[in-house]
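A closer look at the structure
Next come the chains, spelled out residue by residue.
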Amino acid sequence: MKTFRCCILLIIMAFCFVACDFQIGVSHFLFIYKAKADYSNQIFIFVDSTRSHIYRRPKKDEVKEYLKPIKLRDNYFMADEVVNRNGWEPTFFCECVPTSLTTDHADALDTLTDEQLLDLVVDFEPYLEFYSTNRLKSIKKMSNVDKCNKIIKDGKLSKYMKQKKISSTQGCHTCPNCMEVK
């Protein structure tokens, strides 16, 4: 009888695991954002909320490894968690800002001071919309560019991804608690 109960419990757990899209140890995220302009070739810096201090600037070697986000329709872009080699940190998207330096000018990073780099920021609020997900089913579906463009066209991004609030007055809403599965 005890073996029977254990088998039933295992079957129920397996069903929940598959049906609920339950994931243990998921660390992959997919991000889709709409920007005011195409900043996909720009070098980003990670600034504080006062916009007077740089928390992180990329090293020129990181920029050389840069992978561009995928351009989608209507000025949307798709990036995954590894597309941050130009200084863009998707987990802290609202504090990462594009500079006028392009990835072709990465060598200049070694010669510029933080103050000079701050002067090169082209937009302190570059995002109009920002979505993220760590759900494997959504990542698989959204990674297909044609399907993703159709979802954008149909206005259904929030069905598959969690939309982040963008507010310059309230700070960044990207703490780990905001990254939960929708």
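Residues numbered from 1 in each chain as written. Predicted model: local features only at pLDDT ≥ 70, side-chain atom pairs only at ≥ 80, totals over all residues. Heavy atoms only, no water.

As a general point, the strands of a sheet are linked pairwise by backbone hydrogen bonds and lie either parallel or antiparallel. A sheet is described by the order of its strands in space; here three strands give the open sequence S3-S2-S6, paired in antiparallel fashion. The sheet is open, and its two borders are formed by strand S3 (54-56) and strand S6 (96-102), each paired with just one other strand. For this sheet, the mean inter-axis angle between neighbouring strands, taken without regard to orientation, is 55 degrees. As defined by bridge partners, strand S2 (residues 42-47) adjoins S3 across two bridges and the pair is classed as antiparallel. (Pairing = 2+ DSSP bridges. Helix = DSSP H or I, 4+ residues; strand = E, 2+ residues; numbered from the N terminus. Axes fitted to C-alpha atoms, helices over the stretch in contact; angles between N-to-C directions.)

Turning our attention to the environment of Lys-153. With respect to the helices and strands, Lys-153 occurs in helix H5 (residues 145-153). In this structure Lys-153 comes out as exposed when scored by relative accessible area, which is 60%. In this structure, the C-alpha to C-alpha distance between Lys-153 and Asp-74, residues 79 residues apart in sequence, is 8.4 Å. (Buried < 20%, exposed > 50% of the residue type's maximum accessible area, 1.4 Å probe, protein only.)

A few words on the packing of aromatic side chains. On inspection of all chains with the given rule, the structure shows seven aromatic pairs. Aromatic pair Phe-29 and Phe-31: ring centres 6.1 Å apart, planes at 25 degrees, arrangement stacked. When its relative accessible area of 2% is taken as the criterion, Phe-31 is described as buried. The interplanar angle of 50 degrees and the centroid separation of 5.9 Å between the aromatic rings of Phe-31 and Phe-130 together place this pair among those described as tilted. With Phe-31 in strand S1 (residues 30-35) and Phe-130 in strand S7 (residues 127-133), this pair connects stretches of sequence that are 99 residues apart. Taken together, the ring pairs in this structure connect Phe-29, Phe-31, Tyr-33, Phe-77, Tyr-127 and Phe-130 into an aromatic cluster. (Phe/Tyr/Trp six-rings, centres within 6.5 Å; stacked < 30°, edge-to-face > 60°.)

Okay, H5 next. The complete set of buried residues in H5 reads Cys-148, Asn-149, Ile-151 and Ile-152. Buried residues along H5 cover an arc of 160 degrees about the axis, so they all sit on one side. Summarising the geometry of H5, the exposed residues directed more than 90 degrees from the buried face are Asp-146, Lys-150 and Lys-153. In this fold, the buried residues of H5 make contact with S1, strand S5 (76-80), helix H4 (136-142) and helix H6 (157-160). The N-terminus of H5 is capped by Asn-144, whose side-chain oxygen sits 3.0 Å from the backbone nitrogen of Asp-146. (Arc of directions from axis to C-beta. Contact = heavy atoms within 4.5 Å. Polar contact = N/O pair within 3.5 Å; in protein donor to acceptor, adjacent residues only side chain to side chain.)

Side-chain direction in a regular strand flips from residue to residue, so the side chains alternate between the two faces of the sheet. Judged by how many residues are buried, S6 sits mostly within the fold: six of seven residues are covered. Strand direction decides the pairing type here: S2 and S6, joined by four bridges, are antiparallel. The residue of S6 that forms the bridge with Gln-42 is Thr-102.

Quick look at unusual backbone geometry now. Leaving glycine aside, a negative phi is the common case for residues, and trans is the common case for peptide bonds. Here Arg-51, not a glycine, exhibits a phi torsion of approximately 65 degrees, which is positive. On the secondary structure map, Arg-51 appears in the loop between S2 and S3.

What follows deals with the pattern of salt bridges. The tally for this structure, following the rule as stated, stands at seven salt bridges. Here Lys-36 ties to Asp-123 by a salt bridge, and the two come within 3.7 Å at their closest N and O atoms. One end of the pair, Lys-36, is in the loop between S1 and S2; the other, Asp-123, is in the loop between helix H3 (114-119) and S7, and 87 residues separate them in sequence. Residue classification places Asp-123 among the buried positions, given a relative accessible area of 13%. Two residues, Arg-57 and Asp-114, come together in a salt bridge whose shortest N-O distance is 2.6 Å. Remark: Asp-114 occurs in helix H3 and Arg-57 occurs in the loop between S3 and helix H2 (60-64); sequence separation between them is 57 residues. By relative accessible area, Arg-57 is classed as partly exposed at 22%. In the salt-bridge network here, residues are joined through shared partners; they are Lys-60, Asp-107 and Asp-110. (Salt bridge = Lys/Arg side-chain N within 4 Å of Asp/Glu carboxyl O.)

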